[in-house]
Every structure is written in C-alpha cells, then in structure tokens.
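Here's the letter readout for the chains.
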Amino acid sequence: MSETAPRKRLYIKTYGCQMNVYDSERMADVLSPLGYGMTDSPEGADLVVLNTCHIREKATEKVYSELGKLKELRQAQAEAGGPRLGIVVAGCVAQAEGEEIMRRQPAVDLVVGPQAYHQLPELIARAHRARGERLAADFAPEEKFDALSTARRPTGVTAFLTVQEGCDKFCTFCVVPYTRGGEWSRPAEAVEAEARALAEKGVREVTLLGQNVNAYAGEGGLAGLVRQLAKIPGLDRIRYTTSHPRHMDDALIAAHGEVEELMPYLHLPVQSGSDRILRAMNRAHTAESYLRLIEKIRAARPDIAISGDFIVGFPGERDADFEATLQLVREVGHAGAFSFKYSRRPGTPAAAMPGQVAEAVKDERLARLNAVLEEQQMAFNAAQAGKALPVLFEKRGRHPGQLIGRSPYLQSVHVQAPDRLIGQIVTVKIEEAARNSLAGVLASTGELEPA
Ligand code: 5AD
Ligand code: SF4
C-alpha cells in the first residue's frame, strides 16, 4: 500500500540514549505505510517528530527551544504555500511533562509517550481529522513491541534490539524509574524472532538494549538470551547496553568467556568511586565491589573493553570523594566513558539533598575527570596499533574508496576497501590510532578470524 500512497516527508530528531534511536527507527517504520518517507532536515517536512530525553535539565530545555524554532518554520512554510508542518513530541519528556509541553508550546499537534508508538498512525490520523485534538496514551508494552517489530525494515548491517525497558533501581539522581516506569522484559521468543528476521535481512550485529538490560528477566536471563541468539545463522556479533553492576551475574560473566559472538565490550556505569556518594546515590554497590567485579569479568575475558558513566558534583561530593572517583578510574582503565555534571531533576530524592555543589566546582571536576578518561581512551586505542582485528564493515567513509567498520571493542575503523565488503567481517591490520578511531589496511578478504 505504500507504493500508491502519496509521499509525505517525515523528519525525526532524536535526543538521548540508544533506546530512543531504536524507537525513532520503529516510528519511521510504522509511519511508512501512511506514505511518510524520511528526510534529513525539518525544512519542507510534512511531519516533525522530536524524540526527547529527560535525563538532564539541558536535554529537556533543548526540546522547548527546538519547538520554538519549529513553530516559526511552520509559519514560514505556510506563508510560502508549503505543506502544513505537523509537530509531534515523543520520548521521555512527552511522558514526564506532556501537559506542560502543550501549555508551553500550543503549536504542538501531538504528545506521545514511549508506550504508544505503535498507535502513532492512528493518533496522527485522528489529530489530522480533529485539528487541535492532542493526545497522549499508554498501552501495554508487549502489544507495542509486537506491533512495532512486525513493521520493522532494517537498513544496515547492525541493528538495535530493545529487550527490556524501565528501571526499578531508583538511583536518587535519576528520572528514568519515573519516566520509563518499572522493569519489563520482552519474552525471549519474541526477541529471538525479531533477531532472526533481522539476520535474514542481512543484519550481522545486534545490540540488545534496555535501561537495565542485564536485569533481563525473560527465560534464561540475559546470559541465556545471548546464548540463544548466538545460534542464529548470520548473526555474528552481539552486544548489549546499558548494564547495572548489581545484575552482572556469574552466568553473564561466563557467557563473556564462552560465547564467541558476544563482543568484548562492556558498558558498566559506576557513577562514582566514593562509597559515601554511592550510598547517597542508592547504587547498592561500593567502589571495592565494583573493582572486584571488573576483576572477575576480566578473568573470564581478559581483553574486554570497559566503559562507564560518571557523575561529578552529586550533592555532598567533597574533594576527597572526587579524588576517590579519579582513583577508581585509574584502577579500571577505560576504553571510553561518558561523564556528566550532576543535574538537579525535580521530583528525584537528590534534588532535595543538602550540599548542592557549585557549578564552577562541577566544571572543574568534569574537566579533570575527562582529561584522565581521554588519556585512557587514547591509550586503549594506541594499544591496538600493529594488531590484526576482525572488522565488520558498515558503510562508506568520507574519503573515496574508504569504508568504516567496527572492531570487536566498538572502535570505528577506517580502511581503504571495496564496497562489496560492506556487511562482511574482515581482518584489518591496524596501523594508526586516534582518540576516536583507528585506521588500518586489509589483511585478508572474506575470512573471519576469531576476535
Ligand atoms: N545528572 C547527571 N547525570 C545523570 N545521569 C542520570 N541522571 C543524571 C542526572 N540527574 C547519567 C548517569 C546515567 C546516564 C545515562 O546519565 O550517569 O548512567
Ligand atoms: Fe537511572 Fe539508576 Fe535506573 Fe540507571 S539504574 S536508569 S541511573 S535509576
């Protein structure tokens, strides 16, 4: 039916985490039968969807400033006789402050929370019919995933696959348990069916997604799921993100040592290296228990690359606490990491804690932490020089004749190589390392070597 439908242009702007990237792709899929094709700028679009993030104040504020711009664009477009620009707000800001969005920006046509994406076509049709009627809705997650995965049309050799949503951990700084709700896992059969369909369409690497992906509660837990997916023909690489230290169980650690398809890269946020602060954050682990955990994981898979999330300037964080974070960072040695200044989120316990840290202190700590993390990332990349790594080629690079792929450790690798190698795992001899990427030459073609 999509062949006969008139082409309408859809622009989706995605903020925040990979779960939003996954959701944006699914929204594009379900809107496609309505005649919506993707475009890469809001100018001239018929419909703009902002898929929003609520995790820090800055991310939330960006949404309102973007909405202001879109309202002006709609006016300009109408005056120029162009298409009427529909404006949809999706994602976590939609979930958390739908009412406020409509109040602050009346130009918004529709506010839709993460549990209602499969209903988008109907909601948009309804909003069309009764202009001004703006809706938010909630549905059961299982129904949503079934509807969305049926519509799925993968476009590349790598794909995200959401297996778990929500969070029960209630870290005191975080809005996720409120915006995305409690933990929920998709049944293993549904995940497997989607993974199989992806592999049949040429996907060779899947990244399993969840706010607490290793709390996956389907049959066999995450370790069982990984082992099951590893058997799917054509699916050669499996990754998962993001994890909580509390759920890094022995079965999952063992899988890292035994399942060849499970890539040696682990994003395992620790947030802080100070036990005082970890306690105030309600993290349910100490610096020491985290370090022991990393040790255990490295015993199972010695070359595993570790990445994490860090927050500086949590309420009550003193110099000594921050030094403890730097100390932990030095002991772990990271392949990459995300670091953030604490952002006070209304309604979370930490927002009301005494000892809020001055912005200038946060800035200074963030700069110092980043300096150490950047150094570690550079050292990790530099250590690959001279090695032969299996690289999965994903797309063309910026330079003629160049392809970009990924190493098992999630590093971008730039290589002069023919287009026909896109979708193949090929051994590359690494010659150069920069902080954000590697460069190398083909060592052989078509052969898959163990990671
Ligand atoms: N302030 C700063 N960083 C935060 N994160 C979550 N909530 C906040 C907040 N209020 C960070 C954590 C988390 C990552 C996704 O975002 O480090 O792991
Ligand atoms: Fe937020 Fe903590 Fe849950 Fe992660 S584990 S989503 S930081 S509450």
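Caption draft 1: Representation of the pairing of strand E17 (residues 425-433) within the structure. Relative to E17, strand E14 (residues 388-396) runs antiparallel, the two sharing five bridges. The partner of Ala388 across the bridge, within E17, is Lys429. Pairing geometry for E17 and strand E18 (residues 437-442), over five bridges, is antiparallel. Of the residues in E18, the one forming a bridge with Ile430 is Gly440. Where E17 folds back onto E18 in an antiparallel hairpin, the turn is made up of three residues.

Caption draft 2: Representation of the pattern of salt bridges in the model. Considering all chains together, one arrives at 33 salt bridges under this definition. Ionic pairing is found between Arg365 and Asp319, a salt bridge with its closest N-O pair at 2.9 Å. Of this pair, Arg365 sits in helix H13 (residues 359-382) while Asp319 sits in helix H12 (residues 319-332), and the two are 46 residues apart along the sequence. Given the relative accessible area of 5%, Arg365 is considered buried. Through salt bridges with shared partners, a single ionic network connects Asp23, Lys144, Glu165 and Arg180.

Caption draft 3: Up close: the sheet that holds E14. Judged by pairing direction, the barrel is mixed, and its five strands sit side by side in the order E14-E15-E16-E18-E17 before closing back on the first. When the angles between neighbouring strand axes are averaged without regard to direction, this sheet yields 55 degrees.

Caption draft 4: How the structure looks around the site of ligand 2. Close to ligand 2 lie Cys167, Lys169, Phe170, Cys171, Phe173, Cys174, Val176, Pro177, Asn212, His244 and Arg283, which account for all nearby residues. Here the shell around ligand 2 is composed, by residue class, of seven nonpolar, two polar and two charged.

Caption draft 5: Region of interest: the domain arrangement of the protein. Taken domain by domain, the protein holds domain 1 (8-141), domain 2 (149-263) and domain 3 (388-448). Each of domain 2 and domain 3 was reduced to a C-alpha centroid, and the two centroids are 25 Å apart. If you look at the interface, domain 2 gives eight residues, while domain 3 gives 13 residues. Buried area between domain 2 and domain 3, both sides added, is near 810 Å², and the carbon and sulfur share of it is 59%. The largest per-residue losses of area from domain 2 upon contact with domain 3 belong to Val157, Arg204 and Arg237, which jointly make up 60% of the total buried on that side. Taken together, the connections running from domain 2 to domain 3 amount to zero salt bridges. Among the residues forming the side of domain 2 that touches domain 3, the class breakdown is two nonpolar, one polar and five charged.

Caption draft 6: Representation of the site of ligand 1 in the model. The immediate surroundings of ligand 1 are formed by Ile55, Arg56, Phe173, Gln271, Asp309, Ile311, Phe340, Lys341, Tyr342, Ser343 and Arg345. A distance of 2.6 Å is found between an oxygen atom of ligand 1 and a side-chain nitrogen or oxygen belonging to Gln271. A distance of 2.6 Å separates an oxygen atom of ligand 1 from a polar side-chain atom of Asp309. Isolated, ligand 1 exposes 410 Å² of accessible area, and the fraction of that covered by the protein chains is 87%. Put simply, the parts of the chain that give the shell around ligand 1 at least two residues each are strand E12 (305-312) and strand E13 (336-341). Taken together, the residues that form the shell around ligand 1 break down as five nonpolar, two polar and four charged.

Caption draft 7: Representation of the nonpolar core in the model. Of all hydrophobic cores here, the largest spans 51 residues; its most connected members are Leu208, Leu222, Leu225, Leu229 and Tyr240. In terms of nonpolar packing, the next biggest core, distinct from the first, is built from 22 residues, Ala59, Tyr64, Leu73 and Ala107 among them.

Caption draft 8: A look at the packing of helix H7 (residues 188-200) against helix H8 (residues 221-230). The contact between H7 and H8 brings their axes to 10 Å, and the two run at 30 degrees. Considering how the two elements wind past one another, H7 and H8 form a crossing that is right-handed. Across the interface between the two elements, Ala188, Val191, Glu192 and Ala195 of H7 pack against Leu225, Gln228 and Leu229 of H8. Here the contact of H7 with H8 is composed, by residue class, of five nonpolar, one polar and one charged.

Caption draft 9: Quick look at helix H2 (residues 57-79). When the terminal C-alpha atoms of H2 are compared, their 34 Å separation across 23 residues agrees well with the 33 Å that a helix rising 1.5 Å per residue should span. Among the residues of H2, those classed as buried are Ala59, Thr60, Val63, Tyr64, Glu66, Leu67, Leu70, Leu73, Arg74 and Gln77. Elements in contact with the buried residues of H2: strand E1 (8-14), strand E3 (47-52), strand E4 (86-90) and helix H3 (91-104). One or two steps after H2, the chain reaches Gly81, where phi turns positive at roughly 75 degrees.

Caption draft 10: Molecular detail of the sheet that holds E4. An order of E2-E1-E3-E4-E5 is seen for the five strands of this open sheet, with the pairing classed as parallel. Edge positions in the sheet fall to strand E2 (36-38) and strand E5 (110-112), since each has one partner strand and no second. When the angles between neighbouring strand axes are averaged without regard to direction, this sheet yields 25 degrees. When E1 meets E3, the two strands line up parallel, connected through five bridges. Bridging from a neighbouring strand, Lys13 pairs with Leu50 of E3.

Conventions and cut-offs
Residues numbered from 1 in each chain as written. Chains lettered and ligands numbered in written order. Predicted model: local features only at pLDDT ≥ 70, side-chain atom pairs only at ≥ 80, totals over all residues. Heavy atoms only, no water. Pairing = 2+ DSSP bridges. Helix = DSSP H or I, 4+ residues; strand = E, 2+ residues; numbered from the N terminus. Salt bridge = Lys/Arg side-chain N within 4 Å of Asp/Glu carboxyl O. Buried < 20%, exposed > 50% of the residue type's maximum accessible area, 1.4 Å probe, protein only. Axes fitted to C-alpha atoms, helices over the stretch in contact; angles between N-to-C directions. Near = heavy atom within 4 Å. Nonpolar A, V, L, I, M, F, W, Y, C, P; charged D, E, K, R; others polar. Domains from an automatic or database assignment. Contact = heavy atoms within 4.5 Å. Buried area = accessible area lost by both parts, 1.4 Å probe. Polar contact = N/O pair within 3.5 Å; in protein donor to acceptor, adjacent residues only side chain to side chain. Areas by Shrake-Rupley, 256 points an atom, 1.4 Å probe, with all protein chains shown as cover. Core = buried A, V, L, I, M, F, W, Y, C linked by side-chain atoms within 4.5 Å. Left-handed = near helix turned anticlockwise from the far one by under 90°. Expected span 1.5 Å × (residues − 1).

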